[in-house]
Amino acid sequence: MALLKIHEPGQTPLPHEDERQLAVGIDLGTTNSVVAISNDEKPEVLRDKSGGTAIVPSVVYYGEGADPVVGEAAREQINSHADRVVSSVKRLMGRGLADVKSIAGTLPYHVEVPSEEATQSGEPMMVRLNVGDRVLTPVEVSADILRALRARAEESLEKPVEKAVITVPAYFDDGARTATKDAAKLAGIEVLRLVNEPTAAALAYGLDNGAEGLYAVYDLGGGTFDISLLKMQKGVFQVKATGGDTALGGDDFDHAIAEHLLAERKDSGTVDSLDASDAKRLLQTARKVKESLTGADSTDITVSLGGADSTHTMTRATFEAMIAKLILRTITITEQVLDDADILADDVKGVVLVGGSTRVPAVRKAVAELFEQEPLSNIDPDEVVALGAALQAEALTGGSDNLLLDVTPLSLGLETMGGIVEKVIDRNTPIPVAKAQEFTTYQDGQSAMMIHVVQGEREMVDQCRSLARFALTGIPSMAAGAARIKVTFNVDADGLLTVSAREETTGTEQEVAVKPTYGINEIDMANMLRESMMHAREDMEMRLLTEARVEARRNILAVQAAINVDRPLLERQDEDNIMAAIAKLEAAMSGEDRDLINQQAEALEDASRPFAEARMDSRIRQALAGRNVDQVNEFGS
Ligand code: ADP
Ligand code: MG
């Protein structure tokens, strides 16, 4: 989500020209994809053979018994074979059962939701698409798109291409990122790095070399809207905030035009009531109308539906009136994001336009008005992300020694006693990163420790997302608090996490690569962030209360353990006092009053002090008699 340059001395000798590996930058978009290459920090997009467009529609046609067809040729098949054409598959990348159920109806093809048994048998909860006689996963469809991009690059460069930097939305979670890498692997592409789309756009504009300050990246594509606020300081971009709408984009403009045309024809019904292939055709026409209105003030259209042709004229003004509300929605979301981040539109130094829909003049105008400045738009908004990715690919293959770093989108932490989350790596930490934290055992003789890794901003485990659980076993028998367990979180450059735990006194070690359960989506993520802010205060209260309870329980256990060891040293009266104090403390612990718990915990400490002193005296006498002081068991401290 942010980028920064680091210098790795001595690590990047410039290879000879012929040894240099070709690495491309790929914008794998929901609607369109683009592949680009950079030489000497001059990136350029790779066009089709005829030197035409750089844009490859992210659409795949699966003809019977034929190889998949990708791009414009696939999109043209919508008219004749609507049910064999797969589009917008990016929306399904890394999605789990629950997400897909909620969006399946909005997709133009049948989505097979995995059965409950498949889910329970531990099968990854992958979505499958039924396309003709094939059953495909979103990863396979993405791989087909990537294969086509790779083929285009190889044809254009006349050299094999095996490496790429691929961009992903900033909000893509571990699951979606892993799915993207899997797709690349299937397509025979080694992913040098996954880079966030706004980061790539900022790079393409060279903002990393520009003035320090705040920048906004406004990305309106085919079906999604994303707004990101980046803060650039000393060549480092930090994401201050992101927001957007995953169901708002140029497709909605098409829809508005299609409805308008239907209404003019006085056909009854709406686009949704047409049969699937008529609807796709009408929307296709609408898209052409929209795109021509970017350059022209007015356009003529012929619509043929149900055997009846009709002709229409649409002006840009009519179109703009139709989409005013949709544009306003992006502006409102942007204002909200600015507001949440405590940033004034005025403070923003530059605005980058990304996505084909920012070509619409009314969109540019609205963005310019909000930020009171002309947005940066001299780089083609369809190409800017791929160009940034190509620059990054060049840097990573030794063209320069600048390396980009992203940041973690959500905090990563561990469950500790009482279901409290101990954050190990905070949200927005630049990656790669490794951080370790020490934990200890809670009970005497505890031989295993459950490590539960969670992601999220909230203070309590059940409000965060569970990523992995594993046990560190074989901890030697020690008194509570004596074991030193070091848990290390390692996030690699692609944002993937490995967690290891090591008991330091004995070297017992366990490690897991956190294989994300495909499933969190951007909506969940936005909700998790929003809720963490909304609940920050009550979460803190809850955390403090839980901590007080955990601490109190620990004290009780320690006192009881000490009594078991040294009962002969315990005076009758002291025992009564201690038992009474424990009873009172337990009563307080079952309530919600944190102060009362702390107060009763102190009372227990007071009640057990004479006993603790007696034990201490006895230990000292033993030590003087040649015994080992290390056997002193601490408690109540
Ligand atoms: P994504 O990031 O979702 O893959 P893109 O950034 O490629 O999408 O944007 C695709 C959208 O841009 C489509 O809705 C397309 O119709 C729209 N678009 C492309 N060119 C123009 C244009 N000249 N005028 C208006 N909209 C355009
Ligand atoms: Mg895009």
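Nothing here was measured: the structure is a model prediction, and the numbers come from that model. (Residues numbered from 1 in each chain as written. Chains lettered and ligands numbered in written order. Predicted model: local features only at pLDDT ≥ 70, side-chain atom pairs only at ≥ 80, totals over all residues. Heavy atoms only, no water.)

Looking at the pairing of strand E18 (residues 348-354)
Then comes step 1: For E18, a buried count of 6 out of 7 residues is recorded, marking the element as mostly surrounded by other parts of the structure.
Then comes step 2: Of the pairings in the sheet, the one linking strand E13 (residues 213-220) to E18 comprises 6 bridges and is parallel in character. Residue pairing for E18: Tyr218 is matched across the bridge by Leu353. (Buried < 20%, exposed > 50% of the residue type's maximum accessible area, 1.4 Å probe, protein only. Helix = DSSP H or I, 4+ residues; strand = E, 2+ residues; numbered from the N terminus. Pairing = 2+ DSSP bridges.)

Here we look at the nonpolar core
Then comes step 1: In terms of nonpolar packing, the biggest core is built from 44 residues, with Phe253 and Phe371 touching the most fellow members.
Then comes step 2: Secondary structure elements with two or more residues in this core: E13, strand E14 (225-233), helix H8 (250-265), helix H9 (276-295), strand E16 (298-305), helix H10 (316-340), E18 and helix H11 (361-371).
Then comes step 3: At 8 residues, the largest contribution of residues to this core is made by H10.
Then comes step 4: Each of domain 1 (23-249 + 323-407) and domain 2 (250-322) contributes no fewer than three residues to this core.
Then comes step 5: Among all residues touching Phe371, those that are not within four sequence positions of it are Ala216, Thr334, Leu338, Ala345, Val348 and Val351.
Then comes step 6: By size, the runner-up hydrophobic cluster in this structure holds 37 residues, among which are Val56, Ala176, Ala183 and Ala187. (Core = buried A, V, L, I, M, F, W, Y, C linked by side-chain atoms within 4.5 Å. Domains from an automatic or database assignment. Contact = heavy atoms within 4.5 Å.)

Considerations on the side chain of His452
Then comes step 1: By the secondary structure assignment, His452 is in strand E22 (residues 449-455).
Then comes step 2: Among the polar contacts listed, one links the side chain of His452 to the side chain of Glu415, at a separation of 2.5 Å.
Then comes step 3: Looking at His452, its side chain comes within polar contact range of the side chain of Ser466, at 2.8 Å.
Then comes step 4: With residues up to four places along the chain from it excluded, the contact list for His452 reads Gly413, Leu414, Glu415, Val461, Ser466, Ala468 and Arg469. (Polar contact = N/O pair within 3.5 Å; in protein donor to acceptor, adjacent residues only side chain to side chain.)

A look at the sheet that holds strand E7 (residues 85-86)
Then comes step 1: Pairing within the open sheet is antiparallel, and its 3 strands lie in the order E6-E5-E7. Of all the strands in the sheet, the pair left with one neighbour each is strand E6 (69-70) and E7.
Then comes step 2: Note: strand E5 (residues 60-61) against E6, 2 bridges, orientation antiparallel. From the neighbouring strand, Val60 faces E6, where its bridge partner is Val70.

Re the packing of H8 against H10
Then comes step 1: It is at 10 Å that the axes of H8 and H10 come closest, and there the two elements cross at 135°. It follows from the interaxial angle that H8 and H10 lie oblique. Note that H8 runs across H10; the crossing there is right-handed. Note on element contacts: H10 touches H8 through Thr318, Phe319, Met322, Ile323, Leu326 and Ile327, opposite Asp252, Phe253, Ala256, Ile257 and His260. (Axes fitted to C-alpha atoms, helices over the stretch in contact; angles between N-to-C directions. Parallel < 35°, antiparallel > 145°, perpendicular 65-115°, else oblique. Left-handed = near helix turned anticlockwise from the far one by under 90°.)

Focus: the sheet that holds strand E20 (residues 420-425)
Pairing between the strands of a sheet comes from backbone hydrogen bonds, and it takes one of two forms, parallel or antiparallel.
Then comes step 1: Spatially, 4 strands are ordered E20-E19-E22-E23 in an open sheet, and the strand pairing comes out antiparallel. Only two strands of the sheet have a single neighbouring strand rather than two, namely E20 and strand E23 (465-472). Strand-to-strand twist across the sheet, computed as the mean angle between neighbouring axes with direction ignored, equals 30°.
Then comes step 2: In this sheet, E23 lies alongside E22 in antiparallel orientation, the contact comprising 7 bridges. For Met449, the partnering residue across the bridge sits in E23 and is Leu472.

Examining the pairing of strand E19 (residues 412-416)
Then comes step 1: With 4 of 5 residues buried, E19 is to be regarded as a mostly interior element.
Then comes step 2: Where E19 folds back onto E20 in an antiparallel hairpin, the turn is made up of 3 residues, including Gly418, whose phi is positive at roughly 80°.
Then comes step 3: Taken together, the 3 bridges between E19 and E22 define a ladder with antiparallel strand orientation. By the bridge assignment for E22, Leu414 is matched with Val453.

Topic: the site of ligand 1
Then comes step 1: Within the structure, ligand 1 sits among 16 residues, and Thr31, Asn32, Lys290, Glu291 and Thr294 are positioned closest to it.
Then comes step 2: Glu291 places a polar side-chain atom, nitrogen or oxygen, 2.7 Å from an oxygen atom of ligand 1.
Then comes step 3: Within the complex, the protein chains bury 89% of what would otherwise be the 580 Å² of accessible surface of ligand 1.
Then comes step 4: If one sorts the elements of the shell around ligand 1 by residue count, H9 sits on top with 4 residues.
Then comes step 5: For the shell around ligand 1, a count of residues per class yields 1 nonpolar, 11 polar and 4 charged.
Then comes step 6: Two domains each provide a minimum of three residues to the shell around ligand 1, namely domain 1 (23-249 + 323-407) and domain 2 (250-322). (Near = heavy atom within 4 Å. Areas by Shrake-Rupley, 256 points an atom, 1.4 Å probe, with all protein chains shown as cover. Nonpolar A, V, L, I, M, F, W, Y, C, P; charged D, E, K, R; others polar.)

Description of the pattern of salt bridges
Then comes step 1: If you walk through the whole model with that rule in mind, you get 25 salt bridges.
Then comes step 2: Salt-bridge contacts for Asp297 lead to Arg316; the nearest nitrogen and oxygen are separated by 3.9 Å. You can see Asp297 sitting in the loop between H9 and E16 and its partner Arg316 sitting in helix H10, a full 19 residues away along the chain.
Then comes step 3: You can call Asp297 exposed: its relative accessible area is 58%. (Salt bridge = Lys/Arg side-chain N within 4 Å of Asp/Glu carboxyl O.)

Looking at the confidence of the model for the protein chain
Then comes step 1: Here the protein chain shows a mean pLDDT of 82. Residues at 70 or above account for 83%.
Then comes step 2: Under a pLDDT of 50 for its full length, residues 515-522 has, in the predicted model, 32 contacts with residues more than four places off or in other chains.
Then comes step 3: Note on residues 626-637: pLDDT is under 50 here. Beyond four places in sequence and across chains, it has 15 contacts. (pLDDT = per-residue confidence, 0-100.)

So, a negative patch on the surface
Then comes step 1: Among the surface-exposed residues, Glu335, Asp339, Asp340 and Asp342 lie close enough to one another that they form a single negatively charged patch.
Then comes step 2: Position of Asp339 relative to the elements: it lies in helix H10. (Patch = residues over 30% accessible without salt bridge, like charges linked within 9 Å, V, L, I, M, F, W, Y side chains within 5 Å. Lys, Arg positive; Asp, Glu negative; His and termini not counted. Charge placed at Lys NZ, Arg CZ, Asp CG, Glu CD.)

Re the packing of H10 against H11
Then comes step 1: Packing of H10 against H11 leaves a shortest axis separation of 9 Å and a crossing angle of 35°. Crossing angle aside, the handedness with which H10 passes H11 is right-handed. From H10, Arg316, Glu320, Ile327, Ile331, Thr334, Glu335 and Leu338 reach across to H11, where they touch Pro361, Ala362, Val363, Ala366, Val367, Leu370 and Phe371.

Considering the environment of Ser310
Then comes step 1: Secondary-structure assignment places Ser310 in strand E17 (residues 308-315).
Then comes step 2: Placed 48 residues apart in sequence, Ser310 and Leu262 show a C-alpha to C-alpha distance of 9.8 Å.
Then comes step 3: When sequence neighbours within four positions are dropped, the list of residues in contact with Ser310 reads Arg265, Ile301, Thr302 and Val303.
Then comes step 4: Within the local environment of Ser310, its side chain forms a polar contact with the side chain of Arg265, the two groups lying 2.9 Å apart.

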